[in-house]
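# Notes for the structure review
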Protein chains: 2
Amino acid sequence: MSRPRAKLVKDFPGCAVEAALSFIDGKWKGVLLFHLLAGTQRFNELRRKLPSVTQRMLTRQLRELEEAGLVRRTVHPVVPPHVDYDLTPLGRSMEPVIRSLAIWGRTYVFCAQDEAHVVPPKETTELQGDALRYFADRA
Amino acid sequence: MSRPRAKLVKDFPGCAVEAALSFIDGKWKGVLLFHLLAGTQRFNELRRKLPSVTQRMLTRQLRELEEAGLVRRTVHPVVPPHVDYDLTPLGRSMEPVIRSLAIWGRTYVFCAQDEAHVVPPKETTELQGDALRYFADRA
DNA sequence: GCCAGTAGTACCAAAAAGGATACTGTCAAT
DNA sequence: ATTGACAGTATCCTTTTTGGTACTACTGGC
């Protein structure tokens, strides 16, 4: 949620970075936006893509994204329920941010453990702290 | 800190976005990295640039960035103390991420209140939720 | 009749993050 | 003699965020 950060935005103008971060601050918002870049998704569709998120968390994060103006929630009044989530123009404007995050993650953290061998040795030598431990864990 | 997210990285591989976010997760890390992009900084130098951060928080955030391998802390054993902070190569690799965040923030949230009039009317009409309220507040 | 799928809520508990305040020790300048 | 700059710590407390479990209502298929 952007409440505490929203405050700081006023207390501390000039910080565009923090302002932007306040919109994707929340444990699952980044991934959600990433998946929504691929197009409209339904609630359970997203749930399947984020297996470790609880229903409650998914709902909350989506609502916060909606509140922030990044995501649009469309309820089709049918039974069984049918709810679509997609990006607003503002949400889509986040694409460069999300993409650069995805690239960084792939390059330096490399989530897909089945491809862990692809880690470039040169970069690896630059790693420290968490990143180093991360790679150490899966070596 | 990246501990809780680090866990999810393992539980939920494939999510490069979350992995990357876990490195800048923390209320001040984004700004700190942004300021460090400009070059080496000393502790109180950063403090002056982030007037609303407490000493304790600044220390913590810097230590976490160091632990994560993004920032290097250099202690010059003199008195009075002299400590330099600068980006590691891994930290510098975050530059595209930080820059895109800064651009987004400037474009869509526009922290600098003294330039609030520059908000482009076209974009404004696309705003919803927090973003809308943000602009409403300063209109 | 029972189960699965749809999209959620409600309630309680735990953990994590952040903030406030006060304190350290040395030196240089006023 | 006092103050300020330097770079922090220590302690306590509050807020925020996240997780766990159970529950709703309705329908279509077996």
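Reference entry: report on the structure contained in this document.

What counts as what
- Residues numbered from 1 in each chain as written.
- Chains lettered and ligands numbered in written order.
- Predicted model: local features only at pLDDT ≥ 70, side-chain atom pairs only at ≥ 80, totals over all residues.
- Heavy atoms only, no water.
- Axes fitted to C-alpha atoms, helices over the stretch in contact; angles between N-to-C directions.
- Helix = DSSP H or I, 4+ residues; strand = E, 2+ residues; numbered from the N terminus.
- Parallel < 35°, antiparallel > 145°, perpendicular 65-115°, else oblique.
- Contact = heavy atoms within 4.5 Å.
- Nonpolar A, V, L, I, M, F, W, Y, C, P; charged D, E, K, R; others polar.
- Buried < 20%, exposed > 50% of the residue type's maximum accessible area, 1.4 Å probe, protein only.
- Core = buried A, V, L, I, M, F, W, Y, C linked by side-chain atoms within 4.5 Å.
- Near = heavy atom within 4 Å.
- Polar contact = N/O pair within 3.5 Å; in protein donor to acceptor, adjacent residues only side chain to side chain.
- Salt bridge = Lys/Arg side-chain N within 4 Å of Asp/Glu carboxyl O.
- Left-handed = near helix turned anticlockwise from the far one by under 90°.
- Pairing = 2+ DSSP bridges.
- Expected span 1.5 Å × (residues − 1).

Attention shifts here to the packing of helix 7 (residues 95-109) of chain A against helix 2 (residues 16-23) of chain B. Axis separation between helix 7 of chain A and helix 2 of chain B bottoms out at 7 Å; the angle between their running directions is 85 degrees. By the angle class used here, helix 7 of chain A and helix 2 of chain B are roughly perpendicular. Contacts between helix 7 of chain A and helix 2 of chain B involve A:Ile98, A:Leu101, A:Ala102, A:Trp104, A:Gly105, A:Arg106 and A:Val109 from the first element and B:Ala16, B:Val17, B:Ala19, B:Ala20, B:Leu21 and B:Phe23 from the second. When grouped by side-chain class, the residues that make up the contact of helix 7 of chain A with helix 2 of chain B number 11 nonpolar, 1 polar and 1 charged.

Let us now look at helix 3 (residues 29-37) of chain B. Residues spaced three or four apart along an α-helix face the same direction, because each turn holds 3.6 residues. Residues and elements named next belong to chain B. Taking burial as the measure, the 9 residues of helix 3 include 8 buried ones, the bulk of the element. Taken as a whole, helix 3 has its buried residues at Lys29, Gly30, Val31, Leu32, Leu33, His35, Leu36 and Leu37. Positive phi appears at Gly39, one or two residues downstream of helix 3, with a value of about 130 degrees.

Before going further, it helps to examine the nonpolar core. A:Trp104 and B:Trp104 are the most contacted members of the largest nonpolar core, which has 70 residues in total. Once residues within four sequence positions are removed from consideration, B:Trp104 is found in contact with A:Ala20, A:Phe23, A:Leu70, A:Leu90, A:Ser93, A:Met94, A:Val97 and B:Val109.

With that settled, the discussion passes to the protein's contact with DNA strand D. By nearness alone, 23 residues border DNA strand D, and A:Arg56, B:Gln55, B:Arg63, B:Arg73 and B:Tyr85 come closest of all. Among all atoms of DNA strand D positioned within 4 Å of the protein, those belonging to sugar or phosphate total 61%. Backbone polar atom of B:Asn44 to a phosphate oxygen of DNA strand D: 3.0 Å apart, as the coordinates give it. Residues of the surface near DNA strand D, tallied by class, amount to 9 nonpolar, 6 polar and 8 charged.

Residues and elements named next belong to chain A. Considering all chains together, one arrives at 8 salt bridges over all chains under this definition. Arg92 is paired through a salt bridge with Glu95; the nearest N and O atoms lie 3.5 Å apart. Here the salt bridges do not stand alone but share partners, grouping Arg92, Glu95 and Arg99 into one network.

Direction vectors running N to C along helix 2 (residues 16-24) of chain A and helix 3 of chain B enclose 145 degrees, while the axes themselves pass 8 Å from each other. Every pair of crossing elements has a handedness; the one defined by helix 2 of chain A and helix 3 of chain B is right-handed. Every residue of helix 3 of chain B that contacts helix 2 of chain A at A:Val17, A:Glu18 and A:Leu21 is listed here: B:Lys29, B:Gly30, B:Val31 and B:Phe34. Of the residues assigned to the contact of helix 2 of chain A with helix 3 of chain B, the class counts are 4 nonpolar, 1 polar and 2 charged.

Glancing now at the sheet that holds strand 2 (residues 71-76) of chain A. All names here are of chain A. With antiparallel pairing, 3 strands are arranged side by side in an open sheet as 1-3-2. Looking at strand neighbours, the two that pair on one side only are strand 1 (41-42) and strand 2, the edges of this open sheet. Two elements, strand 1 and strand 3 (residues 82-87), share 2 bridges in a ladder whose sense is antiparallel. Its bridge partner being in strand 3, Gln41 is matched across the sheet by Tyr85. With respect to the sheet, helix 3 (residues 29-37) is in contact with strand 1, strand 2 and strand 3, its orientation differing from that of strand 3 by roughly 95 degrees.

A word on the pairing of strand 2 (residues 71-76) of chain B. Within a regular beta strand, the side chains point alternately toward one face of the sheet and then the other, so they alternate between its two faces. Residues and elements named next belong to chain B. Strand direction decides the pairing type here: strand 2 and strand 3 (residues 82-87), joined by 6 bridges, are antiparallel. Among the inter-strand pairings, His76 is bridged to a residue of strand 3, identified as His82. Here strand 2 hands over to strand 3 after 5 residues, the two strands then running antiparallel side by side.

Let us look at helix 7 of chain A. Counted at 1.5 Å a residue, the expected span for helix 7 of chain A with its 15 residues is 21 Å, and the 20 Å between its end C-alpha atoms agrees. Along helix 7 of chain A, the residues classified as buried are A:Val97, A:Ile98, A:Ser100, A:Leu101, A:Ala102, A:Trp104, A:Gly105, A:Tyr108 and A:Val109.

Time to look at the sheet that holds strand 1 (residues 41-42) of chain B. Residue and element names in this part refer to chain B. Strand order across the open sheet formed by 3 strands is 1-3-2, with antiparallel pairing between neighbours. Every interior strand has two partners, whereas the edge strands, strand 1 and strand 2, have only one. In the packing of helix 3 onto the sheet, contacts are made with strand 1, strand 2 and strand 3, and the angle to strand 3 comes to roughly 95 degrees.

A separate point is the protein's contact with DNA strand C. The immediate surroundings of DNA strand C are formed by 23 residues, with A:Gln55, A:Arg63, A:Arg73, A:Tyr85 and B:Lys27 found nearest. Taken together, the sugar and phosphate atoms account for 65% of what DNA strand C places within 4 Å of the protein. A distance of 3.2 Å separates a sugar or linking oxygen of DNA strand C from a polar atom in the backbone of A:Pro81. B:Arg56 places a side-chain nitrogen or oxygen 2.8 Å from a base nitrogen of DNA strand C. Only helix 4 (43-49), helix 5 (55-67) and strand 3 of chain A together with helix 5 (55-67) of chain B provide two or more residues apiece to the surface near DNA strand C. The class makeup of the residues in the surface near DNA strand C is 11 nonpolar, 5 polar and 7 charged.

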